[in-house]
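# Commentary on secondary and tertiary structure
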Amino acid sequence: EGPEHVMGPLSARSALFAYWRGLAICAAGGKYSRLCSALPHLTPQERLCIYSLALHLRLFGDGHYRSGTFQNDLAKNLRNVALPATGVPLSVFCSCRPLALLFAWLLLPLAALVAAVRRPSSGGGSLGGAFASSLLSDWSWFHYWRLNCVLASYHALATSDPGYGLEDKQLFLAACERQGVAASPSLSDRAIVVKHRNEEGGLGLHTFRNAAHGGDWILQPALSNAPSIAKLLPPVAPLSTLRLVTASRASLHQRPAEASSLDEGGVEVLSACFRAGRAGASTDHSCVMFDVDVATGDIRRGTTSAHWYQLGLARARRCPLFSEGHTVEVHPDCGAPVCGEVIPDMASIASLVREAHRKLMPGVPLVGWDVAITAEAGVCLLEANLSCNFFRASFDERVYFAFAEALLGRLEGKAGRC
């Protein structure tokens, strides 16, 4: 939970007025330091909630490191996400800036009111307190993900850091090979041909040209879960990975490559989760997300965010408004115990992602690493996600918010926090 307010808990009116005032200041170009001066009674978490939304509006038509424009990136990433129990993909509100402004100015406060009515205990028992909490400080995984995304976009636009180029999966694998960082193996063949065993006349034949030779496809041998991971899953589960998120202090300096120390001290592992893939799924995007202790590898209870991915009226009517939290202890498809098990050699895994961040992209603030523990290649990185999701793992929120404030200070010419 965030720090206590200097002036006590916010009322519904003061929270809504602060929200609207902050949006008006910052969407029009006001810096984070201006928001801090205008609303000093808010906590860092509450200010960052407002500023994250304002940056989404400000950057809407600006360039983006992977999608052409920030608007394009929003539309792509939100096309399968809906506010719980609505069924409406959030990409609908990314079609133009006026719709995005309508969503931020009116629809989000309305959603906060609905949440407060349905769960008033979040504000200490009163409806007004519950509304203030829902609007500004009762963050879901979505808030953290969107803040990470907009910070990455803002930072890339301001610095043109070359590390953002490594979101291209082929460039990432090539950089890992150059730097001696363990990554998933790939094939060197110029192309491969895939044929159906029973088709004739040229039908059922597909050719894939290797991205390493100018094509569009990364050609890799299939990897399977190591026994230590497979025992936690049903027999037909996909490759199930760890997501670790790291923060680089070097990104807070003007010359990140020089500021990145020769050891790993400049990179901190913020969180870890184990994505236990569901039976029959092709990837672990369909999963139960189990929190993992970064220091010990102990697997804690799990949860899902499935209620955020229910599109259409029929699904929305059956969709819960809130998650039950971290309550899952066994894999739902096979009953295998997961909570209480231990990820083997967690210290080496944490060292791998710190090394990768330091060597490959020290100037990128936050990176989400997909790490596989495989039967064929051991522990290896699959890819780096620079607009990263914590996947509901636990982390020190005070450290995270302080880092976000320091990053904004660096980008906007003001050292340190508000």
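See the structure shown above.
These remarks concern the structure in this document. For clarity, every value in this text was computed on a predicted model and none was experimentally measured.

### Some details on the packing of helix H7 (residues 141-159) against helix H13 (residues 397-411)
In the contact formed by H7 and H13, the axes pass within 11 Å of each other and the chain directions differ by 25°. Comparing the axis directions of H7 and H13 gives the class roughly parallel. Crossing angle aside, the handedness with which H7 passes H13 is left-handed. Facing Tyr144, Leu147, Asn148, Leu151, Tyr154, His155, Ala158 and Thr159 of H7, the residues of H13 in contact are Glu397, Tyr400, Phe401, Ala404, Leu407, Leu408, Arg410 and Leu411.

### A few points about the pattern of salt bridges
Tallying each qualifying case throughout the model produces 14 salt bridges. Close ionic contact of glutamate 383 with lysine 169 constitutes a salt bridge, the shortest N to O distance being 4.0 Å. Taken together, the residues glutamate 383 in strand S10 (residues 378-385) and lysine 169 in helix H8 (residues 169-179) connect sequence positions 214 residues apart. Residue arginine 275 pairs with aspartate 370 through a salt bridge whose shortest N-O separation is 2.8 Å. Taken together, the residues span a long stretch of sequence, with arginine 275 in strand S6 (residues 267-277) and aspartate 370 in strand S9 (residues 366-374) at a distance of 95 residues. With respect to burial, arginine 275 and aspartate 370 carry one shared label: buried. Salt bridges sharing partners connect three or more residues here, namely Arg243, Arg275, Asp284 and Asp370.

### Description of the packing of helix H4 (residues 70-77) against H7
Closest axis-to-axis distance for the H4/H7 pair is 12 Å, and the angle between their directions is 155°. Taken together, the axes of H4 and H7 lie roughly antiparallel to each other. In terms of crossing hand, the pair formed by H4 and H7 is right-handed. For the pair H4 and H7, contact is made by Phe70, Leu74 and Asn77 and by Trp145, Arg146, Val150 and Ser153, respectively. Of the residues that constitute the contact of H4 with H7, the class distribution is four nonpolar, two polar and one charged.

Conventions used here
- Residues numbered from 1 in each chain as written.
- Predicted model: local features only at pLDDT ≥ 70, side-chain atom pairs only at ≥ 80, totals over all residues.
- Heavy atoms only, no water.
- Axes fitted to C-alpha atoms, helices over the stretch in contact; angles between N-to-C directions.
- Helix = DSSP H or I, 4+ residues; strand = E, 2+ residues; numbered from the N terminus.
- Parallel < 35°, antiparallel > 145°, perpendicular 65-115°, else oblique.
- Left-handed = near helix turned anticlockwise from the far one by under 90°.
- Contact = heavy atoms within 4.5 Å.
- Salt bridge = Lys/Arg side-chain N within 4 Å of Asp/Glu carboxyl O.
- Buried < 20%, exposed > 50% of the residue type's maximum accessible area, 1.4 Å probe, protein only.
- Nonpolar A, V, L, I, M, F, W, Y, C, P; charged D, E, K, R; others polar.

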